[in-house]
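The chain contents come next:
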2 protein chains.
Amino acid sequence: MYKKTHISDAVIKRLPKYYRYLCHLLQNGEHKISSKALAEALNVTASQVRQDFSNFGEFGQQGYGYDIYKLTMEISQILNLHADYNVIIVGGGNIGNALAHYTGFKKDGFNIKAIFDINPENIKTPEKCEALHVDKLESYCEQNHVDIAIIATQKDAAEGIFDRICNIGIRGVWNFVPIDLMSRDNTVVENINMSDSLFVLSYYMQNQK
Amino acid sequence: MYKKTHISDAVIKRLPKYYRYLCHLLQNGEHKISSKALAEALNVTASQVRQDFSNFGEFGQQGYGYDIYKLTMEISQILNLHADYNVIIVGGGNIGNALAHYTGFKKDGFNIKAIFDINPENIKTPEKCEALHVDKLESYCEQNHVDIAIIATQKDAAEGIFDRICNIGIRGVWNFVPIDLMSRDNTVVENINMSDSLFVLSYYMQNQK
């Protein structure tokens, strides 16, 4: 598969949306879709769809539309969704707790194995997930392979926890604390700021799409 | 203020990030920043920064950098962050509950006033927020001005609730149910799919930024 060296963040962020919509079409027994129909469903332009996919190679033939199954598999491979990930959560407050109980992650291969807090005894974990004291972070990760750490601590604890996670060598961080952590050499960060998307909503309430 | 007719979603999504970083600089007593320094802090290019702002008019003079205070105020105005919003949550499960207790929204003017559920008696609401039966959605909104509804119901209830919200005339919807709701004439939707950003993280774990 041919791939451009640098693909913009905006393209990468659209891939999960394509993927989910294509999975939905597959479930409904569809086989082909045109870039125009795909564009309409996702509220982008057809040329944007063609441009996005051209970053990753040839996916369709002009005038014939895309083979939905093939395209779904390709995007899944680009996003590495066939992998299984072991995930831990640091911080057992409302957000950490809600994420631990969110059932949507498991079907995509993200398995939440443990949740760390300074008061682990207060945490009601879902099945197959344990609550541990945050002091045990390093020893747990020595004994168990961990791919992704979710940071959902208090704001002033986040940087310290992030340092520890990087030292442990965990490769992915999903950060829910409202400070932007920067990716390091061996650790990639996705920062989630809940308010950002409310700000975007606020903009569109004034400037209808 | 001059403004282009169509501004891309990608630009709008970057505005909250600029805004938060500029607020942080202001708090630290900074006055000026170059597009280069701003770009480095936000992991984009300087020309991207200049292009983004050029959508909204003239914010700086070549070679002099941006006036941080002025730029912060302008972005705040573009995003309409001076407004106060009354927000309700429909669905009192883990996500709805976590959002109700998330303290970050209030300081930005998003006030969560009520949470609706089929079992409101089980919900522990924060201060100044009431738990009501979902049957009372219409009557509550008749008596109280509501700007934004957060949908955090079970998947199969989401479409029905969305119809009711649109009929009530609520202008903004923040949807946490993993189906993409489409904006309607008088109601704008921001769809949050928690897994999407995990997929993006998965991509970058294979293809380091």
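Fair warning: this is a prediction, and the values are worked out from it, not measured in the lab.

### Describing the overall build of chain A
Right, on to step 1. The number of helices and strands found in chain A is 8 helices and 9 strands.
Right, on to step 2. Over its C-alpha atoms, taken along the principal directions, chain A stretches across nearly 60 × 45 × 35 Å.
Right, on to step 3. In chain A, which comprises 209 residues, the share counted as buried stands at 52%.
Right, on to step 4. A separation of at least 24 residues holds for 55% of the contacts in chain A among residues at least 6 apart in sequence.
Right, on to step 5. Total accessible area on chain A stands at roughly 10500 Å², and carbon and sulfur atoms take up 46% of it.
Right, on to step 6. A distance of 7 Å separates the average location of the 21 positive side-chain charges in chain A from that of its 24 negative side-chain charges.

### With respect to the pattern of salt bridges
Right, on to step 1. Inspection of every chain in the model, using the stated rule, returns 20 salt bridges over all chains.
Right, on to step 2. Put simply, B:Lys17 and A:Asp196 hold a salt bridge, and the shortest N to O gap is 3.3 Å. Pair noted here: B:Lys17 is in helix H1 (residues 9–27) and A:Asp196 is in helix H8 (residues 194–206), and the two residues belong to different chains.
Right, on to step 3. The buried category is assigned to A:Asp196, whose relative accessible area is 7%.
Right, on to step 4. Each of A:Lys17, A:Arg20, B:Asp180 and B:Asp196 takes part in one network of salt bridges that share partners.

### Details of the packing of helix H2 (residues 35–42) of chain B against helix H3 (residues 46–54) of chain B
All names here are of chain B.
Right, on to step 1. Put simply, H2 and H3 touch, their axes get as near as 8 Å, and they point 105° apart. Between H2 and H3, the angle is such that the two are roughly perpendicular. Across the interface between the two elements, Ser35, Lys36, Leu38 and Ala39 of H2 pack against Ala46, Val49, Arg50 and Phe53 of H3.
Right, on to step 2. Considering only residue class, the contact of H2 with H3 consists of 5 nonpolar, 1 polar and 2 charged.

### What to know about the sheet that holds strand S9 (residues 188–191) of chain A
Right, on to step 1. Taking strand neighbours across the sheet as the criterion, the 6 strands line up as S6-S5-S4-S7-S8-S9 (chain A) in an open arrangement whose pairing is parallel. Edge positions in the sheet fall to strand S6 (130–133) and S9 of chain A, since each of these pairs with one other strand and no more. In this sheet, neighbouring strand axes are inclined to one another by 25° on average, regardless of whether the strands run parallel or antiparallel.
Right, on to step 2. Sheet topology places strand S8 (residues 172–175) of chain A next to S9(A); 4 bridges connect them, and they run parallel. Within S9(A), the position partnered with A:Val173 by the bridge is A:Val189.
Right, on to step 3. Its contacts with the sheet place helix H8 (residues 194–206) of chain B against strand S4 (85–90), strand S5 (110–117), strand S7 (148–151), S8 and S9 of chain A, and it is angled at close to 160° to S9(A).

### Describing the environment of A:Tyr21
Right, on to step 1. Tracing the chain through its elements places A:Tyr21 in helix H1 (residues 9–27).
Right, on to step 2. Each C-alpha atom of the pair A:Tyr21 and A:Tyr102 lies 21 Å from the other, and the pair is 81 residues apart in sequence.

### What about the nonpolar core?
Right, on to step 1. Membership of the largest hydrophobic core comes to 106 residues, with the highest contact counts inside it found for A:Trp174 and B:Trp174.
Right, on to step 2. Setting aside residues up to four positions removed in sequence, A:Trp174 forms contacts with A:Leu99, A:Phe105, A:Ala149, A:Ile150, A:Ile151, A:Glu190, A:Ile192, B:Met194, B:Ser197, B:Leu198 and B:Leu201.

### Re the packing of aromatic side chains
Between two aromatic rings, the relevant description is the distance of the centres plus the angle of the planes.
Right, on to step 1. Tallied over the full model, the rule gives 20 aromatic pairs over all chains.
Right, on to step 2. Ring centres of A:Tyr18 and A:Phe53 lie 4.8 Å apart, and the angle between their planes is 55°; this geometry places the pair in the tilted category. Here the residue A:Tyr18 occupies a position in helix H1, and A:Phe53 occupies one in helix H3 (residues 46–54), the gap between them amounting to 35 residues. With respect to class, A:Tyr18 is no different from A:Phe53; both count as buried.
Right, on to step 3. With a centroid separation of 4.8 Å and an interplanar angle of 85°, the aromatic rings of A:Trp174 and A:Phe176 are classed as edge-to-face. For the residue pair A:Trp174 and A:Phe176, the accessibility class agrees, reading buried in each case.
Right, on to step 4. Ring pairing ties together the aromatic residues A:Tyr19, A:Tyr85, A:Phe110 and B:Phe199, which thus form one cluster.

### Let's talk about the layout of surface pockets
Right, on to step 1. When its volume is computed, the second largest pocket comes out at roughly 1400 Å³.
Right, on to step 2. Taken together, 47 residues form the lining of the second largest pocket, with A:Tyr102, B:Gln154, B:Lys155, B:Val177 and B:Pro178 sitting closest to its centre.
Right, on to step 3. If you tally residues by element for the lining of the second largest pocket, the top one is H1(A), at 8 residues.
Right, on to step 4. Residue composition of the lining of the second largest pocket, grouped by class: 23 nonpolar, 17 polar and 7 charged.

### Some thoughts on the interface of chain A and chain B
Right, on to step 1. Chain A puts 61 residues into the contact, and the matching count from chain B is 61 residues.
Right, on to step 2. A buried area of about 5900 Å², summed over both sides, lies between chain A and chain B, and 61% of it is on carbon and sulfur atoms.
Right, on to step 3. Ranking the residues of chain A by area buried against chain B places A:Phe199, A:Tyr203 and A:Met205 at the top, with a combined share of 13%.
Right, on to step 4. Between chain A and chain B we count 6 salt bridges in total.

### Digging into the environment of A:Val189
Right, on to step 1. Position of A:Val189 among the secondary structure elements: in strand S9.
Right, on to step 2. Along the chain, A:Val189 and A:Asp9 lie 180 residues apart, while their C-alpha atoms are 13 Å from each other.

What counts and what doesn't
Residues numbered from 1 in each chain as written. Chains lettered and ligands numbered in written order. Predicted model: local features only at pLDDT ≥ 70, side-chain atom pairs only at ≥ 80, totals over all residues. Heavy atoms only, no water. Helix = DSSP H or I, 4+ residues; strand = E, 2+ residues; numbered from the N terminus. Buried < 20%, exposed > 50% of the residue type's maximum accessible area, 1.4 Å probe, protein only. Contact = heavy atoms within 4.5 Å. Areas by Shrake-Rupley, 256 points an atom, 1.4 Å probe, with all protein chains shown as cover. Lys, Arg positive; Asp, Glu negative; His and termini not counted. Charge placed at Lys NZ, Arg CZ, Asp CG, Glu CD. Salt bridge = Lys/Arg side-chain N within 4 Å of Asp/Glu carboxyl O. Axes fitted to C-alpha atoms, helices over the stretch in contact; angles between N-to-C directions. Parallel < 35°, antiparallel > 145°, perpendicular 65-115°, else oblique. Nonpolar A, V, L, I, M, F, W, Y, C, P; charged D, E, K, R; others polar. Pairing = 2+ DSSP bridges. Core = buried A, V, L, I, M, F, W, Y, C linked by side-chain atoms within 4.5 Å. Phe/Tyr/Trp six-rings, centres within 6.5 Å; stacked < 30°, edge-to-face > 60°. 1 Å grid on protein atoms, 1.4 Å probe; cavity = no way out; pocket = protein on both sides within 12 Å on 5 of 7 lines; lining within 4 Å. Points joined across faces, edges and corners; volume = space filled by probe spheres on them. Buried area = accessible area lost by both parts, 1.4 Å probe.

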